[in-house]
Amino acid sequence: MTTRDANSSAGERWSISSIRQALTAKKISARELAKEHFGRIERDNPRLNAFLTLSPDRANAQADRIDGMIARRETLPLLAGVPMAIKDVISTRGIRTTCGSRILENYVPPYDATAVERLESAGAVVLGKTNCDEFAMGSSNENSAYGPVRNPVAPDRVPGGSSGGSAAAVAAGLAVAALGTDTGGSIRQPGALCGIPAMMPTYGRVSRYGLIALASSLDRIGPFTTNVRDAATLMGILAGRDANDSTSAGAPVADYVSGLGAPVKGLRLGIPREYFGPGMSPAVRQKVEAGIATLEKLGCKLVELSMPHTEYAIAVYYIILTAEASSNLARYDGVRYGLRVPGATLMEMYRQTRGRGFGAEVKRRIVLGTYVLSAGYYDAYYLKGQKVRTLVTKDFRDAFEKVEAIVTPTSPVPAFKLGERTEDPLSMYLADIYTVTGSLSGVPGISVPCGLTPEGLPVGLQIFGPHFGEERVLQIAYAFEQASNKN
Amino acid sequence: MRISKEEVLRVAELAHLELTESEVAKYQQQLDSILDYIAKLNAVDTANIEPMAQAVAAGAEGGVNAAFRDDVIVPCSIGNEVLECAPDAEGPYFRVPKVIER
């Protein structure tokens, strides 16, 4: 069992492997672990606002099941007793799922997402649902109808978004790991801003069944953890074909954990110059360049690249994303689930329900998405966006002919202050400048911590791999983490 | 201006979205600056470039015939739970304001 740190207000930092050891050695029970984490949530959540709904009954039932297995000396599943949090856009049977929106304030899904089912089958204990930007639309978590999440590292700052609650919960030790979703950076960016590893798998690698859709050609589910090994463990459980998601891929799933120790010497890493432009804060640049130097010291070969369509990615993204979102969000009509605001006619009911149920950013994106798809503008915006998406993706394909992975900053800036960007949507959109490219092209990417700014704010290093290259991405992230821990 | 007040209202109509006067004014101005930013795509030559709809095509990269499955009936027993989510239901129906006049 790891040592208890009496000076840390967060208490002991658990990992998947330290939990396994402690359970097997009977130093703690799964029930006690759950209780410890609910205690931390009770203490810290009023300040952080990371959790929206807790599920103690479900958590305790699962913990008791694990403790029963321990008592009977059965082989424990990989995530036995691991307290986890689930972003509130992922369906959980019998547990309220709001998507951070008033329109789903009282929605209780009748089924579990495949990702949740897989975690629980592997023994995970679901503590509850985490706060996020409404329908995952945002980069700061300030678009939640239930109030913003605070960054555990700096409480006057945002945790990033849209999976801000999941990132904050793991960074603050309220959960050992969490699920987030990434559509334009919503896993990687909050991971970077809160200082923890955060992985976006290849499009289709993890089933989206039960993920309440934002943009169907971009959405992915992935893990937040406190270390890269835990990310690899979770990816091994989450990845794989699911008959309930026709876009889930049948590509073989590698043993991500056993691939971690492999030396990275000789690997070619692409450093695309477009990701080191003038928009980046000097403190971020300094840390990312130091991180890249660390990888070079490990024997990686740095290859300077150009990915010429990078500068168009945000524009493409806000066409594709809003178009798909406006279609997906058409389902909130006050008929089958969620809020209904009565109206004299069906149309009146639709309009009032959607007008009052959705928040400002959601309405803004529905209007933009409907506009770019509407007659007269479809070719100029949506079709043009899809064509430039092809070019952004080609940049990645060309790069991966020369290198095994691409290394960039995750976010151009560290965590910004609450309220700093809310008045100007475009400035908020530009926070995703280094992450949306990977979203559009479908490749996997991870953000790993690479030090703190002089103000003490975390900086993230982003590693992209080719489609279904999770094993490589995790291998490099792990080598980097091990080297960073030594320094 | 790239987008007029009338266009914002027309699009809100298409999206069944009730907007207040101040929302219309605010969105018009904000969308205008976003569309202005998006206009940078006009600088990209996309002649002979295929549009991209899916990041990883179903069936590609090991996703063997991923989009296809056998067309078999499987039982679904959560009808009542589904209706319980509805704001106004009377099993086995969802109830809505009358849409047909006699």
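All values reported here derive from a predicted model rather than from experimental measurement.

A. Highlighting the overall build of chain B. Of the regular secondary structure elements, chain B holds three helices and two strands. Mapped in sequence order, the helices and strands of chain B form the string α-α-α-β-β. For chain B, the residues scored as buried account for 18% of the 102 residues in total.

B. Geometry of helix H15 (residues 470-486) of chain A. Residue and element names in this part refer to chain A. With 17 residues, H15 extends 24 Å from end C-alpha to end C-alpha; this agrees with the ideal 24 Å at 1.5 Å per step. Burial analysis of H15 places twelve of its 17 residues in the buried class, which makes it a mostly covered element. Residues of H15 that are buried: Glu470, Glu471, Arg472, Val473, Leu474, Gln475, Ile476, Ala477, Tyr478, Ala479, Phe480 and Glu481. Of the surrounding elements, those touching the buried residues of H15 are helix H7 (228-238), helix H8 (282-297), strand S9 (405-409), strand S10 (445-452) and strand S11 (458-464).

C. The arrangement of the nonpolar core in detail. In terms of nonpolar packing, the biggest core is built from 163 residues, with Met84(A) and Leu474(A) touching the most fellow members. A per-element tally of this core places helix H9 (residues 313-328) of chain A first, with eleven residues. Setting aside residues no more than four positions away along its own chain, Met84(A) makes contact with Leu119(A), Ala124(A), Val125(A), Val126(A), Leu127(A), Ala175(A), Val176(A), Ala177(A) and Ala178(A). Tyr203(A), Phe468(A), Ala55(B) and Val56(B) belong to the second largest nonpolar core, which has six residues in total.

D. Region of the structure containing unusual backbone geometry. Geometrically, the link from Gly161(A) to Ser162(A) is a cis peptide bond, its omega value of 10 degrees lying close to zero. Within the secondary structure layout, Ser162(A) lies in the loop between strand S3 (125-130) and helix H5 (164-171). Of note, the bond from Gly91(B) into Pro92(B) is cis; its omega dihedral lies within 30 degrees of zero at 0 degrees. Along the chain, Pro92(B) falls in the loop between strand S1 (89-90) and strand S2 (93-94). Phi angles above zero are rare outside glycine, and Cys99(A) is one such case at about 60 degrees. Mapped onto the fold, Cys99(A) is located in the loop between strand S2 (83-87) and helix H4 (114-121). For Cys99(A), a count of 31 C-beta atoms within 10 Å translates into the label buried.

E. Summary view of the interface of chain A and chain B. Opposite the 63 residues of chain A that make contact, chain B presents 49 residues. At the level of elements, H9, helix H10 (346-357), helix H11 (360-373), helix H12 (378-399) and helix H13 (425-429) of chain A are the ones that each hand at least two residues to the side of chain A that touches chain B. The element contributing the most residues to the side of chain A that touches chain B is H12(A), with eleven residues. Class assignment of the residues belonging to the side of chain A that touches chain B gives a composition of 32 nonpolar, 22 polar and nine charged.

F. Molecular detail of the pairing of S10(A). Residue and element names in this part refer to chain A. By the criterion of burial, S10 is predominantly enclosed, with six of the eight residues buried. Of the pairings in the sheet, the one linking strand S5 (residues 198-200) to S10 comprises three bridges and is antiparallel in character. Bridge assignment links Met199 to a residue of S10, and that residue is Ile446. Examined bridge by bridge, S10 and S11 share six bridges and lie antiparallel to one another. Directly across from Ile446, in S11, lies its bridge partner Ile463. Between S10 and S11, which follow one another and run antiparallel, lie five residues, and Gly456 among them has a positive phi close to 85 degrees.

G. Spatial organisation of the packing of H7(A) against H15(A). All names here are of chain A. Close contact between H7 and H15 brings their axes to 9 Å; oriented N to C, the two are set at 160 degrees. With respect to H15, the element H7 is oriented roughly antiparallel. Crossing geometry of H7 relative to H15 is assigned as left-handed. Residues Val228, Arg229, Ala231, Ala232 and Met235 of H7 pack against Glu470, Leu474, Ala477, Tyr478 and Glu481 of H15. The residue inventory of the contact of H7 with H15, partitioned by class, reads seven nonpolar, no polar and three charged.

H. H11(A), seen in detail. The first and last C-alpha atoms of H11(A) sit 20 Å apart over 14 residues, in line with the 20 Å expected at 1.5 Å per residue. The element H11(A) is largely enclosed, with a buried count of eleven among its 14 residues. Buried within H11(A) are the following residues: Val362(A), Lys363(A), Arg364(A), Arg365(A), Ile366(A), Val367(A), Leu368(A), Gly369(A), Thr370(A), Tyr371(A) and Val372(A). Summarising the contacts, the buried residues of H11(A) are in contact with H9, H12 and H13 of chain A together with helix H1 (5-14) and helix H2 (21-38) of chain B.

I. Representation of the packing of H9(A) against H2(B). Orientation of H9(A) relative to H2(B), taken along the N-to-C sense of each, is 125 degrees, at an axis distance of 9 Å. Comparing the axis directions of H9(A) and H2(B) gives the class oblique. Judged by residue contacts, Ala315(A), Tyr318(A) and Ile319(A) of H9(A) engage Ile34(B), Tyr37(B) and Ile38(B) from H2(B). Per-class residue counts for the contact of H9(A) with H2(B) are six nonpolar, no polar and no charged.

J. The environment of Asn487(A), seen in detail. Position of Asn487(A) relative to the elements: it lies in the segment after H15. For the pair formed by Asn487(A) and Thr294(A), sequence separation is 193 residues and the distance between their alpha carbons is 9.8 Å.

K. Region of interest: the pairing of S11(A). Residue and element names in this part refer to chain A. The buried fraction of S11 is high, at seven of seven residues. Two strands pair when backbone bridges link them, and S9 and S11 are joined in this way by four bridges, in the antiparallel orientation. Paired with Thr408 across the strands is Gln462, a residue of S11.

The rules behind these values
- Residues numbered from 1 in each chain as written.
- Chains lettered and ligands numbered in written order.
- Predicted model: local features only at pLDDT ≥ 70, side-chain atom pairs only at ≥ 80, totals over all residues.
- Helix = DSSP H or I, 4+ residues; strand = E, 2+ residues; numbered from the N terminus.
- Buried ≥ 20, exposed ≤ 12 C-beta atoms within 10 Å, placed from the backbone.
- Expected span 1.5 Å × (residues − 1).
- Contact = placed C-beta atoms within 7 Å.
- Core = buried A, V, L, I, M, F, W, Y, C linked by C-beta atoms within 7 Å.
- Nonpolar A, V, L, I, M, F, W, Y, C, P; charged D, E, K, R; others polar.
- Pairing = 2+ DSSP bridges.
- Axes fitted to C-alpha atoms, helices over the stretch in contact; angles between N-to-C directions.
- Parallel < 35°, antiparallel > 145°, perpendicular 65-115°, else oblique.
- Left-handed = near helix turned anticlockwise from the far one by under 90°.

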